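Below are the chains, spelled out letter by letter.
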Amino acid sequence: MGTLRFSDDDTDLDLLYADLAEQDLQPLWRLQGLLTRQPRVRAVPYRWPGKQLRALGERSGRLVGIDRGGDRRVLACCNPGLDGAPYAVPTLWAAVQYLGPGELAPAHRHTPAALRFILEGSGVWTLVDGDPLAMAAGDLILTPSWTFHEHHNAGNTPMLWMDVLDLPVVAALDAVFFEEGPSEEVERRTDPVSRSEQWYGSGAGLLPRSAQRSAPRHSPLLAYRWADTDRALDRQLEATGERTVTIVYSDPTRGTDVMPTMRCEMTRVRPGGSTPAVRQTGSRVLCVFRGSGTAHIGGQSWPLEPGDILAVPSWAAWHLEADEQLDVFSTSDAPVLEALGLWREEPADVR
Ligand code: 1HN
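Below, the structure is looked at part by part. None of these values were measured; they are calculated from a predicted model.

### Some thoughts on the overall build of the protein
No. 1: Looking only at helices and strands, the protein features six helices and 22 strands.
No. 2: Computed over its C-alpha atoms, the radius of gyration of the protein comes to 23 Å, within 12% of the 20 Å expected for a compact globule of 351 residues.
No. 3: Each principal axis of the C-alpha atoms in the protein carries an extent, and together these give about 75 × 55 × 50 Å.
No. 4: When each of the 351 residues of the protein is scored for burial, the buried share is 47%.
No. 5: A separation threshold of at least 6 residues defines the contact pool for the protein, and within that pool the share at least 24 residues apart is 72%.
No. 6: Of the roughly 17900 Å² of accessible surface on the protein, a fraction of 52% belongs to carbon and sulfur atoms.
No. 7: On the protein, the mean spot of the 34 positive side-chain charges and the mean spot of the 47 negative ones are 5 Å from each other.

As structure tokens, this is what we get:
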């Protein structure tokens, strides 16, 4: 396929356009829509209901072995505005993963970074570069770029979690690399507390003295436990006297985002409260952990239940309202926008 062909009433111009196409060149003066007053966004506001995600994950568990397609039983959220691409928003992959009792999702690593927010259950541990991280409801688990990871369900109940990856960003940069895990039998540690938490998970700013010298691009703390998140939300709500608060999961050594491409947040809204309506550049994926309420995104509204995954496209006005106390986990590409000087945010007048 060559470049676009243009034609004009003027024969000389027609000849020029034909020769340009022949040489794989395009004249800017015939191209439209390159620069728009505001972002022209293809992704649409959307919700994948938690009940459906759970039921379909379970059905997949009964019908499809873990060994098929990437060694993971994962259902990708496909935003209807993205022409069938398996992406929830243009910069983030979001999916549910289902792992039955006794199942093992074998080791591999890739340059796209991943995170898991656990929706239900416990008993799975994931080995990240040899460090065993237990997974339980409400926890955030990081699998930074190029770290080996494998998941084991050592319990007797299935587990369901949300995976978010920066895969579309890494793919757009043509920087995807993938490798199977070490084939030789490596020691599978099952320590009850990960090394990452032993060193960095004590909270209260208590870091190992060696921390300043290691400067990885991601948080050395790889597991953020629900009990800590829950306590921080309650304390900060109490301190502000507001009906909503948002905390940012951060690298304890630097106070930055947990990974270079993805910001993770948890918002709590007390009954009857709502988050401020805003619009922001960049895209966001929400996941309802607990409670009920309504999400308003880009002029559409959805009732919320635990397990729902929602897409907030760039520059769409959005806010959340709580009926029962609402806890919503969020991942966005904000660190990328900020690093490039493209972050914009403004209050949105929606009521
Ligand atoms: C992946 O490695 C996992 O390790 C989950 O659990 C989802 C989606 C695309 C590419 C790699 C996992 C993934 C993935």
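### A look at the nonpolar core
No. 1: By size, the foremost hydrophobic cluster in this structure holds 52 residues, and its most contacted members are Leu 115, Ile 309 and Phe 329.
No. 2: Ranked by residues supplied to this core, first place goes to strand E10 (residues 159-165) with five residues.
No. 3: For Phe 329, the residues in contact, after removing those within four places along its chain, are Leu 115, Phe 117, Leu 140, Met 162, Tyr 249, Cys 264, Glu 265, Met 266, Val 285, Leu 286 and Cys 287.
No. 4: Within the second largest apolar cluster, 16 residues are counted, among which are Val 269, Leu 286, Ala 295 and Trp 302.

### Concerning the site of the ligand
No. 1: Taken together, Arg 72, Val 74, Trp 93, Gln 97, His 108, His 110, Arg 116, His 149, His 151, Asp 163 and Leu 165 make up the full set of residues near the ligand.
No. 2: A distance of 2.7 Å is found between an oxygen atom of the ligand and a side-chain nitrogen or oxygen belonging to Arg 72.
No. 3: Taking 320 Å² as the accessible area of the ligand by itself, protein coverage stands at 87%.
No. 4: For the shell around the ligand, the elements supplying multiple residues, two or more each, are strand E3 (93-99), strand E4 (104-110), strand E9 (149-153) and E10.

### Some details on helix H5 (residues 226-240)
No. 1: Taking 1.5 Å per residue, 15 residues should reach 21 Å; H5 reaches 21 Å between its end C-alpha atoms and fits that length.
No. 2: Turning to H5, its buried residues are Trp 226, Thr 229, Leu 233 and Leu 237. Relative to the axis of H5, the buried residues are bounded by an arc of 65 degrees and lie together on one face. Facing away from the buried surface of H5 by more than 90 degrees, the exposed residues are Ala 227, Arg 235, Glu 238 and Ala 239.
No. 3: The elements touched by buried residues of H5 are strand E12 (223-224), strand E13 (244-248), strand E14 (263-269), strand E16 (284-290) and strand E21 (326-332).

### A short note on unusual backbone geometry
No. 1: You will see that Asp 83, though not glycine, has its phi angle at about 55 degrees, which is positive.
No. 2: Checked against the element boundaries, Asp 83 lands in the loop between strand E2 (74-76) and E3.
No. 3: For Asp 83, a relative accessible area of 69% translates into the label exposed.
No. 4: Of note in this structure, Trp 315 is not a glycine but carries a positive phi near 65 degrees.
No. 5: Structurally, Trp 315 is set in the loop between strand E19 (309-312) and strand E20 (318-322).

### Topic: the sheet that holds E21
No. 1: An order of E1-E19-E16-E21-E14-E13 is seen for the six strands of this open sheet, with the pairing classed as antiparallel. The open sheet has two edge strands with one neighbour each: strand E1 (46-48) and E13. For this sheet, the mean angle separating the axes of adjacent strands, direction not counted, is 20 degrees.

### Overview of the pattern of salt bridges
No. 1: All chains considered together, the criterion is met by 21 salt bridges.
No. 2: A salt bridge links Glu 197 to Arg 225; its shortest N-O distance comes to 2.7 Å. Taken together, the residues Glu 197 in helix H4 (residues 195-200) and Arg 225 in the loop between E12 and H5 connect sequence positions 28 residues apart.
No. 3: Residue class for Glu 197 comes out buried when judged on its relative accessible area of 15%.
No. 4: Residue Arg 225 is classed as buried on the basis of its relative accessible area, which comes to 18%.
No. 5: Residue Arg 268 pairs with Asp 327 through a salt bridge whose shortest N-O separation is 2.7 Å. In this pair, Arg 268 is assigned in strand E14 and Asp 327 in strand E21, connecting sequence segments 59 residues apart.
No. 6: Several salt bridges converge on common partners, so that one network encompasses Asp 230, Asp 234, Arg 268, Arg 270 and Asp 327.

Criteria and thresholds
Numbering of residues begins from 1 in every chain and follows the order in which that chain's sequence is written. Given that the model is predicted, a residue must reach a pLDDT of at least 70 before its local features are reported, and side-chain atom pairs must reach 80 or more before they are shown or counted; all residues, however, enter totals for whole chains, interfaces and linings. Neither water nor hydrogens contribute to the side-chain values; these are computed over all heavy atoms in the structure. The helix count covers DSSP runs of H or I at least four residues long, the strand count covers runs of E at least two residues long, and both are numbered beginning at the N terminus. The globule rule is 2.2 Å times the number of residues to the power 0.38, and the radius of gyration it is compared with is taken over C-alpha atoms. Per-residue accessibility, obtained with a 1.4 Å probe over protein chains only, is compared with the maximum for each type, and a residue is labelled buried under 20%, exposed over 50%, and partly exposed between these values. The contact criterion used throughout is that any non-hydrogen atoms of two residues lie within 4.5 Å. Methods summary: accessible areas were calculated by the Shrake-Rupley approach with a probe of 1.4 Å, and residue burial reflects only the protein chains presented. Charge convention: Lys and Arg are scored as positive, Asp and Glu as negative, and His as well as the terminal groups of each chain are ignored. Just so you know, the charge point we use is NZ for Lys, CZ for Arg, CG for Asp and CD for Glu. Residues belong to one nonpolar core when they are buried, are Ala, Val, Leu, Ile, Met, Phe, Trp, Tyr or Cys, and are joined through side-chain atoms within 4.5 Å. We call a residue near a molecule or strand when any one of its heavy atoms sits within 4 Å of it. Throughout this description, a polar contact denotes any pair of N or O atoms lying within 3.5 Å of each other; where both atoms belong to protein, one of them has to be capable of donating a hydrogen while the other can accept it, and for residues adjacent in sequence the pair is counted only when both atoms sit in side chains. Take the number of residues in a helix, subtract one, and multiply by 1.5 Å to get its expected span. Of all possible arcs, the one meant is that of the directions from the helix axis to the C-beta atoms. DSSP calls a pair of strands paired once it identifies at least 2 bridges connecting them. Axis definition: a line fitted to C-alpha atoms, limited for helices to the stretch in contact. Angles are taken between N-to-C directions and run from 0 to 180 degrees. Salt bridges are identified by distance alone: a Lys or Arg side-chain nitrogen within 4 Å of an Asp or Glu carboxyl oxygen.

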